[in-house]
Amino acid sequence: MKILVVHNVYQQRAGEEAVTGAEARLLGANGHVVVRYERHNDELQGRGALSGIGAAVETIWSSRSFREMATLIEKERPDVAHFHNTFPLISPSAYYACARAGVPVVQTLHNYRLLCPAAKFRRDGKVCEACLGRNVAWPGVAHGCYRGSRPATAAAVAMLAVHRGMGSWQTKVDIYIALSEFARRKFIEGGLPADRIVVKPNFVAGDLAARTQPGGYVLFVGRLSEEKGPQLLLSAWRGMPAKIPLRIAGDGPLLEKLSREIVESSLAPIELVGRRTPDEVRALMHSARFLVFPSMWYEGFPMTIAEAFAGGLPVVASQLGSIAEIVQDGVTGLHFEPGSATDLAAKVEWAWNHPEELARMGRAARAEYEAKYQPSTNYDMLMDIYRVAIARRARQGVVRMAHVASVEN
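It should be emphasised that the depicted structure is a prediction, and the values quoted were computed from it without experimental measurement.

A.B. asks: Break down the nonpolar core for me, with residues and values.
C.D. replies: Formed by 43 residues in total, the largest nonpolar core has its most connected members in Leu4, Met69, Phe83 and Phe187. Of all the elements in the fold, those that place two or more residues in this core are strand S1 (2-9), strand S2 (33-40), helix H3 (63-76), strand S3 (80-85), helix H4 (93-101), helix H6 (150-166), strand S7 (175-178) and helix H8 (181-189). Top contributing element to this core by residue count: H4, with five residues. Leave out the neighbours within four places in its chain, and Phe187 touches Leu109, Asn111, Tyr112, Leu114, Leu115, Leu192 and Ile197.

This is the structure:
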């Protein structure tokens, strides 16, 4: 099978890039031909992201992407096009290039962009669903939710409204991939066709050896930004009577603030270890007792949790959105009340002081990985999705003549 992978690359490397790359390599390793169409947000440098009229129009309909996609499709003749991100440069015009050529379209919903102009369902430090289900997401414009800019947000909102009106989300995508049941329900609530949204989680590329010893510290891995909740860790540790060691791996805008607070509050058991390579993160996981995941927004599918499960590492996580679904309370980890430093501290202390129960959760986490997040399992799910997308487009009578018997024959 030949798969056209379509992705608009962010300026700052995000989890979507890692997932897109891992999936493409998985397809290649199984004998498929992968063709890629990418545009990079570095193109926006010096243009003021989406603030100009030209950039806003391109976000709604990129003539360049339409032409380039049409040319690439004519040359490569893919069996299916798998989209990961079209915002802001590729635009939904690329769907129309596929439709014109009869190429089935699969779209992975890595974030909530089709429902929320900022893609996060978060505003002023809290979960916000003010734009969910609206034909025009005007609250997002009023608050400048995308990049703190009303003009940039207006461009994102216009794109969503125009293509909702054109029926693009209903007619130009054959199968949507949601990363969790929680996300699937949100997208249905937001108006996407329920019968075309399937759930396929991300997977862990490469196996991790399961831990054999309890581990000597609690571990946080992630971007040091407000929505990820690292500041909540310091509040929780500040209120703990026990001296439980914590290592924080990652970088981001809160790094200096966290470092200063650790020194000023004499939080000696907390160590900032900085940004680490994937292999270094896995080594940290192998020596940790459990992972703590204090996120304060609707995550898509956190690869950190899947990797922890692969290593037999239980997770203490916010009872919020898809996280509460991925981490089963009392089975593969523990839930705590989102945003509550007190409840987080209580759950961390309990987990630290109950090694036998924690070991049982670690074994269950490893079993969860083996059942759901191995490459082979994910590959089978992906192939099923492609076959369904191709069959659906065939039923509509628009599959290229090379893929169906000619009427003349």
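A.B. asks: Explain the packing of helix H1 (residues 15-29) against helix H16 (residues 375-395) residue by residue, including any values.
C.D. replies: Interhelical geometry of H1 versus H16 gives an angle of 85° and a closest axis separation of 11 Å. With respect to H16, the element H1 is oriented roughly perpendicular. For the pair H1 and H16, the contacting residues are Glu23, Leu26 and Leu27 in the first and Pro375, Asn378, Tyr379, Leu382, Met383 and Tyr386 in the second.

A.B. asks: Can you explain the sheet that holds S1? Please cite residues and give values.
C.D. replies: On the basis of which strands lie adjacent, the open sheet formed by six strands has the order S2-S1-S3-S4-S7-S8 and parallel pairing. Edge positions in the sheet fall to S2 and strand S8 (197-199), since each of these pairs with one other strand and no more. Sheet twist, expressed as the average angle between the axes of neighbouring strands with direction ignored, equals 25°. In this structure, strand S4 (residues 105-108) lies alongside S7, joined through three bridges in parallel fashion. Bridged to Val106 within S7 is Ile175. Strands in contact with H8 are S7 and S8; relative to S8, the strand with the most contacts, it is inclined by about 170°.

A.B. asks: For H8, give the residues involved together with the corresponding values.
C.D. replies: All of the buried residues in H8 are Phe182, Ala183, Lys186 and Phe187. Buried residues of H8 fall within an arc of 130° about the axis and therefore sit on the same side. Contacts from the buried residues of H8 go to S7, S8 and helix H13 (321-326). Where H8 ends, the next residue or the one after it, Gly191, has phi of about 110°, a positive value.

A.B. asks: So, H1: which residues are in play, and what are the values?
C.D. replies: Taking 1.5 Å per residue as the helical rise, H1 with its 15 residues ought to reach 21 Å, and the 21 Å between its terminal C-alpha atoms agrees with that figure. Among all positions in H1, only Glu16, Glu17, Val19, Thr20, Gly21, Ala22, Glu23, Ala24, Leu26 and Leu27 are buried. On its buried face, H1 is in contact with S1, S2, S3, helix H12 (303-310) and H16. The positive-phi residue at the C-terminal boundary of H1 is Gly31, with phi of around 90°.

A.B. asks: I'd love a proper account of the pairing of S4, names of residues and values included.
C.D. replies: Covered by surrounding structure in S4 are Val105 and Gln107 together with Val106 and Thr108, the residues of both alternating faces. Relative to S4, S3 runs parallel, the two sharing three bridges. Counted as the bridge partner of Phe83 is Gln107 from S4. The β-α-β motif built from S3, the intervening H4 and the parallel element S4 has right-handed crossover chirality.

A.B. asks: Give a description of the packing of aromatic side chains that names residues and reports values.
C.D. replies: The final tally for this structure, using the stated rule, is 12 aromatic pairs. Their ring planes at 70° and their centres at 4.9 Å tell us that Phe182 and Tyr298 sit as a pair that is edge-to-face. With a gap of 116 residues between them, Phe182 in helix H8 and Tyr298 in the loop between strand S12 (290-293) and H12 connect regions that are remote in the sequence. By relative accessible area, which is 12% here, Phe182 ends up buried. An aromatic cluster is defined as three or more aromatic residues linked by ring pairs; in this entry it consists of Tyr112, Phe121, Phe182, Phe187 and Tyr298.

A.B. asks: Before we move on, can you summarise the pattern of salt bridges with the specific residues and values?
C.D. replies: Counted according to the given criterion, the structure contains 23 salt bridges. The partner of Arg282 in a salt bridge is Glu307, with the nearest N and O atoms 3.6 Å apart. Here Glu307 lies in helix H12 and Arg282 lies in helix H11 (residues 278-286), a separation of 25 residues in the sequence. The residues Arg282 and Glu307 share a single accessibility class, namely buried. Note that Glu368 is salt-bridged to Lys372, the shortest N-O span being 2.8 Å. Within this pair, Glu368 and its partner Lys372 are both found in helix H15 (residues 355-372), separated by four residues, close to a single helical turn. What makes Glu368 buried here is its relative accessible area of 10%. Judged by relative accessible area, Lys372 falls into the partly exposed class, the value being 38%. Each of Arg39, Glu43, Glu58, Arg64 and Glu68 takes part in a single network of salt bridges with overlapping partners.

Reading the values: the criteria
- Here the residue numbering is sequential within each chain, running from 1 through the sequence in written order.
- The model is predicted, so local features are restricted to residues of pLDDT at least 70 and side-chain atom pairs to those at 80 or more, both for listing and for counting; the totals for chains, interfaces and linings are taken over all residues.
- Note that the side-chain values use all heavy atoms of the structure and ignore hydrogens as well as water.
- Within this scheme, the nonpolar core is defined by two criteria: the residues are buried Ala, Val, Leu, Ile, Met, Phe, Trp, Tyr or Cys, and they are joined through side-chain atoms within 4.5 Å.
- Here's how the labels work: a residue is buried when its accessible area is under 20% of the maximum for its type, exposed when over 50%, partly exposed in between, all with a 1.4 Å probe on protein chains only.
- Counting from the N terminus, the helices are the DSSP runs of H or I reaching at least four residues and the strands are the DSSP runs of E reaching at least two.
- A contact between two residues is defined here by any heavy atoms of the two lying within 4.5 Å.
- In this analysis an axis means a line fitted to C-alpha atoms, helices contributing only their contacting stretch, and an angle means the value between N-to-C directions, from 0 to 180 degrees.
- An angle below 35 degrees is treated as roughly parallel, one above 145 as roughly antiparallel, one from 65 to 115 as roughly perpendicular, and anything else as oblique.
- One bridge is not enough; two strands pair if DSSP finds at least two bridges between them.
- It is the directions from the helix axis to the C-beta atoms that the arc portrays.
- To estimate how far a helix should extend, the number of its residues minus one is multiplied by 1.5 Å.
- Place the viewer so that the strands point away; then a crossover is right-handed whenever the path from the first strand over the helix to the second strand goes clockwise.
- Centre distance within 6.5 Å is the pairing criterion for rings of Phe, Tyr and Trp, where only the six-membered ring of Trp is used; planes under 30 degrees apart are then read as stacked, over 60 as edge-to-face, and the remainder as tilted.
- One side-chain nitrogen of Lys or Arg within 4 Å of one carboxyl oxygen of Asp or Glu is enough to make a salt bridge.

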